[in-house]
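Given next are the chains, with one letter for each unit.
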Amino acid sequence: MTLDPRTPVIIGVGQYNQRSAGIENALNPIELMEQAVLAASDDAGLDGPPAADSVRVVNIIGWRFRNAPRFLARRLGLGGPDQSGVELAESTAGGNSPQSLVNATAAEMLAGKVDVAILAGAEAFKTFMRARKQDITLDWPKAADDDLPRYIGKELNMNLPEERDRGIFMPVQIYPMFETALRAQSGRTVEEHQQFLGELYAGLSDVAAANPNAWIQQSKTADEITTITDTNRMIGFPYPKLMNSNNDVDMGASIIMCTVEAAERMGVSRDKWVFPHAGTDSHEHPFVSHRDTFTRTPAVELGGAMALDLAGIDIDDVSVLDLYSCFPSAVQLGAQSLGVDITPGSGRQWSRTGGLTFCGGPWNNYVMHAIASVVEDLRERPGEYGLTWANGGYATKHAFGIYSTTPPTNAFRHGSPQADVDALPKRELASPADAEGEATIDAYSVMFSRDGAPETTLASCLLADGRRAWGRSSDSAIASAMCDGEWVGVGCHLGPDGALSV
């Protein structure tokens, strides 16, 4: 098979974890990325970082570098003294961004805009927070206010003022709402569902235990994951700490992409090549208030199906799979949308890393670690297919990638089902004054204090006319009561200020 010389291919991947005992010796995110790029260069069989014409960095949360790719290019010795000889680019925010960055890069390579690109991302959030707690000023670099990279992707506003006014905007508040809705749909009791989640995440911890790049390389039992202790406190019911994304990490990852022509020119061995076959990008209705239901993610259904169709395969052809796993509800929504059986004991492989709890959740960059792991697996399984699903926001923004060592028949293909997603039903949000009176709970969470007490109840409620309304209660008795038994489908009362009573 003769390959189009513009065909995009991944030739190197690298991951780097920092476990520094002290702040004074800790690397900053740029230095973590540098180590990951050096590892990816070595993985590709290169003597050092390739002469890339583009350095592309995933948006960093823990430090505002302003132009992170400039600092990375400088450390890698790319682009001359002022990096004018290399494009400097950065993704928008969101856990979908690493896969979206691969999709955009592959499309630009086919279009003749890029030949060799270094993609990287890192967070040193553990060090950052440690310094803050110790009142230590970090001397990490910052570019001038007007020194900004090119931005790849579009920002998406995911918070209505009405949601923020009610204090509903944190992932640890909203993903548990998806969970309570999914639990009610399953018909399990609270106790049965917690056991199901414990077994689901015990399997995830087993994957991390075998992953040399995971942050927590220790298998946990279902009981360890579900039992509340001083080190596994309840955060947002029904999720204790070991069911939450773990951002207390210092992690970096890198992917080196190039055209087939460039790979041949650099002498990269063919057994290192992994081809992106297809990719899609899409998002749900941006505001959670407008979602039709908490038990489905149509953009995952349509985006995943489109990616598989563009690659000319179906989900049963995928043997190396990584589902985004910031919280258990995300895993279930993704699996349900793609038609993947994740029932403990089913034998279906669905994580290649151990997920954002055990592998680590370096904010926007987890999926670069997932892609790197999938690439390594596919090299050991020539001709098989890998799929990564990347998720950002509140199960809001999605990106898919299909990979294989076998080159694509019709080159890399990219698409988006956004027009179809936008046409799907959405709910209107009622103001507190309009919602006053009787309603029905369709999803909820209980937020716990740091000392382990249930203190705040947040509930999505449906009115008789189908509109959504938000309820909130600071009554500890209500919070305690709603941690026991099923409350989805139960009637409630909303006061004129949105106060919830049950």
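On a predicted model such as this, the values are computed, not experimentally measured, just so you know.

Novice: Now, about the overall build of the protein chain: what can you tell me, with residues and values included?
Specialist: The secondary structure content of the protein chain amounts to 16 helices and 18 strands. Scaling as 2.2 N^0.38, a compact globule of 502 residues should have a C-alpha radius of gyration of about 23 Å, and the protein chain matches this with 23 Å. Judged by the C-alpha coordinates and their principal axes, the protein chain covers about 70 × 55 × 45 Å. Out of the 502 residues in the protein chain, the part that is buried amounts to 61%. Considering only contacts within the protein chain whose residues lie at least 6 apart along the sequence, 78% involve residues at least 24 apart.

Novice: Would you mind going over the layout of surface pockets in detail, with residue names and values included?
Specialist: A water-sized probe, rolled over the atoms, reveals where empty space remains. Taken as a whole, the second largest pocket encloses approximately 470 Å³ of empty space. Taken together, 23 residues line the second largest pocket, and the ones lying closest to its centre are Asn-96, Ser-100, Gly-153, Lys-154 and Asp-281. It is helix α3 (residues 97-110) that contributes the most residues to the lining of the second largest pocket, 6 residues altogether. The class makeup of the residues in the lining of the second largest pocket is 6 nonpolar, 13 polar and 4 charged.

Novice: Describe in detail the sheet that holds strand β11 (residues 385-392), supporting the description with residues and values.
Specialist: In space, the 5 strands of this open sheet follow the order β10-β11-β12-β9-β13, with mixed pairing throughout. If you trace the sheet from one side to the other, it starts and ends with β10 (318-322) and β13 (413-415), each paired once. Going from strand to strand, the sheet's axes swing by 15° on average, the running direction of each strand aside. Both β11 and strand β12 (residues 397-404) contribute to a ladder of 8 bridges, which runs antiparallel. By the bridge assignment for β12, Thr-388 is matched with Gly-401.

Novice: Give a description of helix α4 (residues 125-133) that names residues and reports values.
Specialist: Two residues of an α-helix separated by three or four positions point the same way, owing to the 3.6 residues in each turn. Considered for burial, the residues of α4 that qualify are Phe-125, Thr-127, Phe-128, Arg-130 and Ala-131. In this structure, the buried side of α4 is in contact with β4 (116-124) and β8 (250-259). Asp-135 occupies a position one or two residues after α4 and carries a positive phi of about 55°.

Reading guide: rules and limits
- Residues numbered from 1 in each chain as written.
- Predicted model: local features only at pLDDT ≥ 70, side-chain atom pairs only at ≥ 80, totals over all residues.
- Heavy atoms only, no water.
- Helix = DSSP H or I, 4+ residues; strand = E, 2+ residues; numbered from the N terminus.
- Rg over C-alpha atoms; globule rule 2.2 N^0.38 Å.
- Buried < 20%, exposed > 50% of the residue type's maximum accessible area, 1.4 Å probe, protein only.
- Contact = heavy atoms within 4.5 Å.
- 1 Å grid on protein atoms, 1.4 Å probe; cavity = no way out; pocket = protein on both sides within 12 Å on 5 of 7 lines; lining within 4 Å.
- Points joined across faces, edges and corners; volume = space filled by probe spheres on them.
- Nonpolar A, V, L, I, M, F, W, Y, C, P; charged D, E, K, R; others polar.
- Pairing = 2+ DSSP bridges.
- Axes fitted to C-alpha atoms, helices over the stretch in contact; angles between N-to-C directions.

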